[in-house]
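Structure assessment
The chain contents come next:
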Amino acid sequence: MTEPDPLAVWRRHAGPCVLLDGFHALKHALRFGARVPVAVTTDRAAALALAADLAPDVREALDGLLAEVPREAYASLVARPHPTGVAALAVRPPREAGLRALARTPRRAPVVVLDQPRNLGNAGAVIRLAAGFGATGVVTTGPLDPWHPTVVRGGAGLHFATAVERLEVAELPPGPVFALDPEGEDIRGLKLPDDALLAFGSERSGLTPELRARADHLVALPMRPQVSSYNLATSVAMTLYHWSATGGAPRVP
Ligand SMILES: C[S@@+](CC[C@H](N)C(=O)[O-])C[C@H]1O[C@@H](n2cnc3c(N)ncnc32)[C@H](O)[C@@H]1O
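Computed from a prediction, not measured in an experiment: that's the story for all the values here.

Moving on, we come to the sheet that holds strand β1 (residues 17-21). If you trace the four strands from one edge of the open sheet to the other, you get β1-β4-β2-β3, paired in mixed fashion. On the outer flanks of this sheet lie β1 and β3 (66-68), each paired with one strand and no other. Sheet twist, expressed as the average angle between the axes of neighbouring strands with direction ignored, equals 25°. Where β1 meets strand β4 (residues 86-91), five bridges bridge the pair, whose relative direction is antiparallel. Bridge pairing in β4 links C17 to V91. Against the sheet, helix α3 (residues 44-54) makes contact with β2 (38-41), β3 and β4, and its axis sits at roughly 150° relative to β3, the strand it touches most.

Written out as structure tokens, the structure reads:
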């Protein structure tokens, strides 16, 4: 039987699938159960050596998946060639599965809500944080698509490790809303419950009136006077860290 042409398989799946750009994105997606119909590399031996070195748990899967293609063919598939010369397509999980995961109770880890975020890189960094802390998911409100290729690139393949969906404020899953705002109550005196929705405002204008109306608590991160605010993704990092340090999140083995 002849091997299928990887570029033909790529063209067939490119529309509905998401691009995994680089070795590490593919590694993470495989670890968290993504379905990957095609993966290419400009140097199979180098990619498998990298797997043996950094990710032996997925080496066998990569051995079965990776097809070597000429550098020009690879470059035609990606906006910017990645230093590892690896790219793959992954099937985006159905929205219903994401919504089910977000709505499931009792919830053992918070949902991060980004209210009208603007910056695709920030959204990707937040999804990576949510995956790292084992958050239930990341919800965005507003026009930004949390599965935009630039967000997926920033998330390093970790969209598959948490639920990622776009919703209206009125559709947010159940749970107490802790909205982060410099005018709120100092986070250091609070324990964030596992079923919390941790909400963060947009880079430009902060929390929307709709999100404020849904908030049960306004929470502030310690910040010296005269500093106006922190970056969105760093605010999420501090808040998830606080949740983990005050009882949430499994211990690192
Ligand atoms: C870059 S800030 C938004 C700044 C915006 N110019 C404003 O008017 O709020 C993005 C989000 O990060 C969170 N944030 C930043 N600094 C914070 C702080 N010191 N305390 C609590 N939340 C903060 C808030 O959720 C905020 O809406």
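Grouped together as the largest cluster of nonpolar side chains are 71 residues, with contacts concentrated most on V112, V113, V126 and A199. Considering every element that reaches this core, the biggest residue donor is helix α7 (residues 120-133), with eight residues. Taken domain by domain, the makeup of this core includes at least three residues from each of domain 1 (6-91) and domain 2 (95-245). In this structure, V113 is in contact with V139, L172, L197, L198, A199 and F200, ignoring residues within four places of it in sequence.

We now examine the site of the ligand. Lining the immediate surroundings of the ligand are 18 residues, of which L180, G201, G206, L221 and S229 lie closest. For the shell around the ligand, the secondary structure elements donating two or more residues are β8 (177-186) and α10 (232-245). Split by residue class, the shell around the ligand holds nine nonpolar, six polar and three charged.

According to UniProt, the feature "domain: tRNA/rRNA methyltransferase SpoU type" (unreviewed entry) maps to residues 111-241 in the numbering used here. In residues 111-241, helix accounts for 27% and strand for 24%; the two terminal C-alpha atoms are 14 Å from one another.

Take the environment of A103 next. Inspection of the secondary structure puts A103 in helix α6 (residues 95-103). A count of 17 C-beta atoms within 10 Å places A103 in the partly exposed class.

Looking now at the pairing of strand β6 (residues 137-141). For β6, the buried fraction is high: five of the five residues fall into the buried class. Judged by which residues are buried, β6 turns out to be covered on both faces: G137, V139 and T141 on one side and V138 and T140 on the other are all buried. Pairing geometry for strand β5 (residues 111-115) and β6, over five bridges, is parallel. Bridging from a neighbouring strand, L114 pairs with T140 of β6.

Partitioning the protein into domains gives domain 1 (6-91) and domain 2 (95-245). On the side of domain 2, nine residues touch domain 1, which itself brings 14 residues to the contact. The set of elements that each furnish at least two residues to the side of domain 1 that touches domain 2 consists of β1 and α2 (23-31). Of the residues that constitute the side of domain 1 that touches domain 2, the class distribution is nine nonpolar, three polar and two charged.

What counts as what
- Residues numbered from 1 in each chain as written.
- Predicted model: local features only at pLDDT ≥ 70, side-chain atom pairs only at ≥ 80, totals over all residues.
- Pairing = 2+ DSSP bridges.
- Helix = DSSP H or I, 4+ residues; strand = E, 2+ residues; numbered from the N terminus.
- Axes fitted to C-alpha atoms, helices over the stretch in contact; angles between N-to-C directions.
- Contact = placed C-beta atoms within 7 Å.
- Core = buried A, V, L, I, M, F, W, Y, C linked by C-beta atoms within 7 Å.
- Buried ≥ 20, exposed ≤ 12 C-beta atoms within 10 Å, placed from the backbone.
- Domains from an automatic or database assignment.
- Near = placed C-beta within 6 Å.
- Nonpolar A, V, L, I, M, F, W, Y, C, P; charged D, E, K, R; others polar.
- UniProt positions renumbered as here; feature names shortened; annotations may be inferred.

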